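Chain by chain, the residues run as shown.
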Number of protein chains: 2
Amino acid sequence: MPSETATKRGRPGYDQQSVLLIAVDVFNRHGYDATSMGILAENLGISKSAIYHHVPSKGDLLKLALEHALGGLEAILEQPEAVTGAADARLEFVLRQTIAVLVERLPFVTLLLRLRGNTDIERDALERRRAFDHKVAALISDAREEGTLRQDIDPRTVTRLLFGTINSIVEWYKPGGSLSPERLADDVITMAFDGLHASV
Amino acid sequence: MPSETATKRGRPGYDQQSVLLIAVDVFNRHGYDATSMGILAENLGISKSAIYHHVPSKGDLLKLALEHALGGLEAILEQPEAVTGAADARLEFVLRQTIAVLVERLPFVTLLLRLRGNTDIERDALERRRAFDHKVAALISDAREEGTLRQDIDPRTVTRLLFGTINSIVEWYKPGGSLSPERLADDVITMAFDGLHASV
């Protein structure tokens, strides 16, 4: 934590990236709407004018943070493994990578998932998130048509449940603990596709 | 919506239950902390003093609402089907009933799941929720030891993923739509225990 005496001037130790990381943490704890530049300054231990040295506004911090989350997710869909091959393998690849991005950029994806859509920046981000979700939903439909996924659950329900399972990871996963991101992804894929019942 | 002219006096049409239902909706939209008695009065279309006729404080509304959610969940664990029989059947019963309570008391369970724990009332509710979760986790362990659940996923991860899947239902489920609560419960149980892969 920055010391009391540093509050009057900008901290040379901060770059935009570290300001962003602390801001995202504050947004997640207090909610974006309830966070003022004053609260941010307090948490950073710098003056309000020192923040403006790093970013022009609270909205810019939000925009940068959401770009980091969405950019990571959108890049998954452009990888060759997401584009070619059997639909169920593509789906599994995309879900694994989604979990990887979620864990690697945990506070950023948490912020994205908690958006209420009160500002244009939030609404744009929700629009991009919906576009991502739709592309994954299309993969689920493809895998169903291919015959690799069971037919007796509505694909919209499958999509909701899969995203529900994956997105809820932000609520409990602790990076650096005994459960590695790769193992977590294995476990989610195993439960969702093979089920928890012991095979007989 | 109550009419303008009714704002000065208590609405005879409101009983405590309908005040509670609207209050829970406002808490879910604005967050409990951000909701003042003034905002509640505005949403109810009655005066602040008329609210006090129904409940002594905002905290009492929260307490009543959380009791409705937690009471429903806790009652599940006392039913005979939750107490006797094979652990996997008990687990399935408890999860199905949890989904039923969640859907039937959707705004109340949503409020419970979004609690931050800033007040004693919230902390007490979170404590009861944790106790419920621990009992379900114990059922998962029992089913594992019984040999009906797969051994290759840590039971703590299984618990997190199952609750993640079920709790996320509050974020998207629309009561009264084409997906009935019973069908939803079937789909969740099918995905979680048998998996999404088509059987070959």
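Going by what an unreviewed UniProt entry lists, chain A is known as TetR/AcrR family transcriptional regulator and is assigned to Arthrobacter terricola.

So, about the overall build of chain A. If you tally the helices and strands in chain A, you get 10 helices and 0 strands. From first element to last, N terminus to C terminus, chain A shows the α and β order α-α-α-α-α-α-α-α-α-α. Principal axes of the C-alpha set define a box for chain A whose edges measure 65 × 35 × 30 Å. Taking all 200 residues of chain A together, 47% fall into the buried category. Surface summary for chain A: the accessible area is close to 9,900 Å², and the carbon and sulfur share equals 52%.

On to the layout of surface pockets, then. Roughly 270 Å³ of internal volume is contained in the second largest pocket. Looking at the lining of the second largest pocket, its residues break down into 3 nonpolar, 3 polar and 4 charged.

On to the pattern of salt bridges, then. Within the structure shown, the criterion is met by 26 salt bridges over all chains. The closest approach of N and O atoms between Glu67 of chain B and Arg128 of chain B, which form a salt bridge, is 2.8 Å. Placement of the pair is Glu67 of chain B in helix H4 (residues 58-76) and Arg128 of chain B in helix H8 (residues 120-146), with a sequence separation of 61 residues. Judged by relative accessible area, which is 40%, Glu67 of chain B ranks as partly exposed. Among the ionic pairs, Glu92 of chain B bridges to Arg96 of chain B, the shortest N-O distance being 3.2 Å. With a gap of 4 residues between them, Glu92 of chain B and Arg96 of chain B both fall in helix H6 (residues 87-104), about one helical turn apart. Classification of Glu92 of chain B as partly exposed rests on a relative accessible area of 27%. The partly exposed category is assigned to Arg96 of chain B, whose relative accessible area is 26%. Three or more residues joined by partner-sharing salt bridges are found here, namely Glu67, Glu74 and Arg128 of chain A.

All right, on to the nonpolar core then. The biggest cluster of nonpolar side chains holds 136 residues, and the ones touching the most others in it are Leu184 of chain A together with Leu184 of chain B. In this structure Leu184 of chain A touches Ile99, Val103, Ile169, Trp172, Tyr173 and Leu179 of chain A, once residues within four positions along its chain are discounted.

For the rest of this paragraph, the subject is the relation of the copies chain A and chain B. Under the fitted operation, chain A is carried onto chain B by 0.0 Å of movement along the axis and a turn of 180°, and the coordinates agree to an RMSD of 0.0 Å. The superposition of one copy onto the other is thereby described by a two-fold rotation axis. Comparing contact sets, 100% of the residues at the interface of chain A also lie at the interface in chain B, consistent with an isologous, same-surface contact.

Let us look at the interface of chain A and chain B. Taken together, the contact between chain A and chain B spans 33 residues of the former and 33 residues of the latter. Summed over both sides, the interface between chain A and chain B buries roughly 3,300 Å², with carbon and sulfur atoms accounting for 58% of that surface. The tally of links between chain A and chain B comes to 19 residue pairs in polar contact (both at pLDDT 80 or more). Top contributing element to the side of chain A that touches chain B by residue count: helix H10 (residues 181-194) of chain A, with 8 residues. Looking at the side of chain A that touches chain B residue by residue, the classes come out as 13 nonpolar, 10 polar and 10 charged.

What counts, and where the lines are drawn
- Residues numbered from 1 in each chain as written.
- Chains lettered and ligands numbered in written order.
- Predicted model: local features only at pLDDT ≥ 70, side-chain atom pairs only at ≥ 80, totals over all residues.
- Heavy atoms only, no water.
- Helix = DSSP H or I, 4+ residues; strand = E, 2+ residues; numbered from the N terminus.
- Buried < 20%, exposed > 50% of the residue type's maximum accessible area, 1.4 Å probe, protein only.
- Areas by Shrake-Rupley, 256 points an atom, 1.4 Å probe, with all protein chains shown as cover.
- 1 Å grid on protein atoms, 1.4 Å probe; cavity = no way out; pocket = protein on both sides within 12 Å on 5 of 7 lines; lining within 4 Å.
- Points joined across faces, edges and corners; volume = space filled by probe spheres on them.
- Nonpolar A, V, L, I, M, F, W, Y, C, P; charged D, E, K, R; others polar.
- Salt bridge = Lys/Arg side-chain N within 4 Å of Asp/Glu carboxyl O.
- Core = buried A, V, L, I, M, F, W, Y, C linked by side-chain atoms within 4.5 Å.
- Contact = heavy atoms within 4.5 Å.
- Least-squares fit on C-alpha atoms with pLDDT ≥ 70 in both.
- Buried area = accessible area lost by both parts, 1.4 Å probe.
- Polar contact = N/O pair within 3.5 Å; in protein donor to acceptor, adjacent residues only side chain to side chain.

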